[in-house]
Amino acid sequence: MFSKRALAAVALATGSVIALAGCAGSPEPAGTYDPDEKVSLDLAFWGNDVRADLYNKAIDAFNEKYPNIKVSTSFLAFPEFWEKRQTEAAGKNLPDVMQFDYSYLRQYSENGLLLDLDPYLGGIIETDPLPQNILDIGVVNDTTYGIATSTNAWGLFTNPVLLEKAGVDEFPGGSWDDYTAWMKDITDASGGEYWGGSDYTGRIQNFELQLRAEGGNLFTEDGKPGFDEARLKAFWEEGQSIRDGIGAPQQTVEEALPLGPFDTAITASELTWDNFGAGYLGNLGESYTELGLVAPPVTEEGAKDLYLKPSMLHSIAANTDHPEAAATLVNFLVNSPESGEIFGTNRGLPASETALAAADLDPLSQQVKAYEESIADRLGDAPPVPIVGYGTLEEKFRQLGVELNFGTMTVDEAVSQFFTEMDVALNS
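As annotated in an unreviewed UniProt entry, the protein chain is Extracellular solute-binding protein from Microbacterium aquilitoris.

Structure follows, in structure tokens:
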């Protein structure tokens, strides 16, 4: 049985729409679902018609085992999904079960809007198929509020067609300087047709990797920055040689929008989450049947700088009238072989061993699975759940990276702007 963690913090006086919802305490669990109890549950998720069809099939399979639980589903695109959740939170009427995003987990849990799942772990919600580091992903303030359906990790995608044209081998691993030198070899060999990559200092995740290699994180558990202005300045200065000609020019990148430089074959490499591969292949076209996927540069050999991030989680509203039935549905959607068989990798690589074993993995998904196994020695504990407002800071970091690449801002000015934005986010 999974041990009970400490009670979560009560609602914060933030003044936000979410905070207005107030705090709802977790009910005392009955322990197991009563199969004779007829209940109705609402299930909300983001996605498209394809995912909706998969959820409908999963609910049909669920009802074969639990005919007394009626599940009504609804879905929206990602931005609209969270707009609707904020409105519902204000009225304390969130859906019973929700597909949940990692970046919102702290905001909703600290305001008493999500059910404490610890009493159900090891009982209604099976934990044997879920490694401890996966279970820990959904923990905020020592309490579990979400169960990961799937995982991904930060990786380096490469374009085998462009590498062959440049006569350059796959990135063999090494330091960030080694990666920059490798990109330069490709750029020099291309004759201006394409570039080795983009300015990696424009992504906050690459900064996070370096901080984790040094034993830190972007933010501490209590929401304090894990870096100072000098450290951020040093990171952005690393990218100057890339901005000076090694990487794709920002104007060329802008002209490719809404696609990115990697999936338009402007660059031969891209550092990103490993579940982006299918989208890249689709955008690159029929001439591409495979991509390279290797570990990103490392700051210090032996560092536990990488980690598994949830593609998404499932959470239960604190206001649900049927916590045991809701937990039964979450367990089915995460752990059952039926869910693995039905969803495959639509929600990412299944986090549950039982669901993963039942999933039919296409070649790219098998490659991602092999990649995550290959980086096992570099996988450390997941960082603290993102602070409230993390998404805004991530976007600000990206925007400042664009300004640096256009040459319209100095590194000192970018550092000053980011710390101003961060101060607002941390103190609002």
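## Regarding the environment of E238
Note on placement: E238 falls in helix α8 (residues 229–238). You can call E238 partly exposed: its relative accessible area is 28%. The spatial distance from the C-alpha of E238 to the C-alpha of W176 is 8.8 Å, given a sequence separation of 62 residues. Those residues within four positions of E238 in sequence are excluded, and the remaining contacts are W176, Y200, T201 and Q210.

## Quick notes on the nonpolar core
In this structure, I147, F227, L232, W236 and F418 are the most contacted members of the largest nonpolar core, which totals 121 residues. It is helix α12 (residues 323–335) that provides the largest number of residues to this core, a total of eight residues. Contact partners of W236, with chain neighbours within four places excluded, come to T201, R243, F397, L400, L404, V411, A414, V415 and F418. In terms of nonpolar packing, the next biggest core, distinct from the first, is built from five residues, W195, A248, V253 and I266 among them.

## Quick look at the confidence of the model for the protein chain
Confidence in the prediction of the protein chain, expressed as mean pLDDT, is 90, and 92% of residues score 70 or more. Across residues 1–30 the pLDDT falls below 50, and counting only partners more than four positions away or on other chains, this stretch makes 72 contacts in the model.

## What about the pairing of strand β2 (residues 69–76)?
Inspection of the sheet shows strand β1 (residues 39–46) paired to β2 by eight bridges, in the parallel sense. Bridging across to β2, S40 finds its partner in K70.

## Concerning the pattern of salt bridges
A complete count under the given rule lists 13 salt bridges for this structure. Residue R85 is joined to E88 by a salt bridge in which the shortest nitrogen-to-oxygen separation is 2.6 Å. Separated by three residues within a single helix, R85 and E88 lie in helix α2 (residues 78–90), roughly one turn from each other. Accessibility classification places R85 together with E88 in one group, the buried group. The shortest N-O distance in the salt bridge between R398 and E395 comes to 2.7 Å. Here E395 and R398 lie together in helix α16 (residues 390–406), a separation of three residues that amounts to about one turn.

## Observations concerning the packing of α8 against α16
At a minimum axis separation of 12 Å, α8 and α16 run at an interaxial angle of 50°. Classed by the angle they form, the pair α8 and α16 counts as oblique. The way α8 lies across α16 gives a crossing that is right-handed. Two secondary-structure elements touch here, α8 through L232, F235 and W236 and α16 through F397, L400 and L404. Each residue belonging to the contact of α8 with α16 can be placed in one class, and the counts come to six nonpolar, no polar and no charged.

## A closer look at the sheet that holds strand β6 (residues 147–152)
Taken in spatial order, the six strands make up an open sheet running β2-β1-β3-β10-β6-β11, and their pairing is mixed. Either end of the sheet is taken by a strand with one partner, and the two such strands are β2 and β11 (349–350). Where β6 and β11 come together, two bridges link them in antiparallel fashion. Counted as the bridge partner of T151 is L349 from β11. Sitting on the sheet, α2 is in contact with β1, β2 and β3 (97–100), with an inclination near 135° to β1.

So, how was this worked out
- Residues numbered from 1 in each chain as written.
- Predicted model: local features only at pLDDT ≥ 70, side-chain atom pairs only at ≥ 80, totals over all residues.
- Heavy atoms only, no water.
- Helix = DSSP H or I, 4+ residues; strand = E, 2+ residues; numbered from the N terminus.
- Buried < 20%, exposed > 50% of the residue type's maximum accessible area, 1.4 Å probe, protein only.
- Contact = heavy atoms within 4.5 Å.
- Core = buried A, V, L, I, M, F, W, Y, C linked by side-chain atoms within 4.5 Å.
- pLDDT = per-residue confidence, 0-100.
- Pairing = 2+ DSSP bridges.
- Salt bridge = Lys/Arg side-chain N within 4 Å of Asp/Glu carboxyl O.
- Axes fitted to C-alpha atoms, helices over the stretch in contact; angles between N-to-C directions.
- Parallel < 35°, antiparallel > 145°, perpendicular 65-115°, else oblique.
- Left-handed = near helix turned anticlockwise from the far one by under 90°.
- Nonpolar A, V, L, I, M, F, W, Y, C, P; charged D, E, K, R; others polar.

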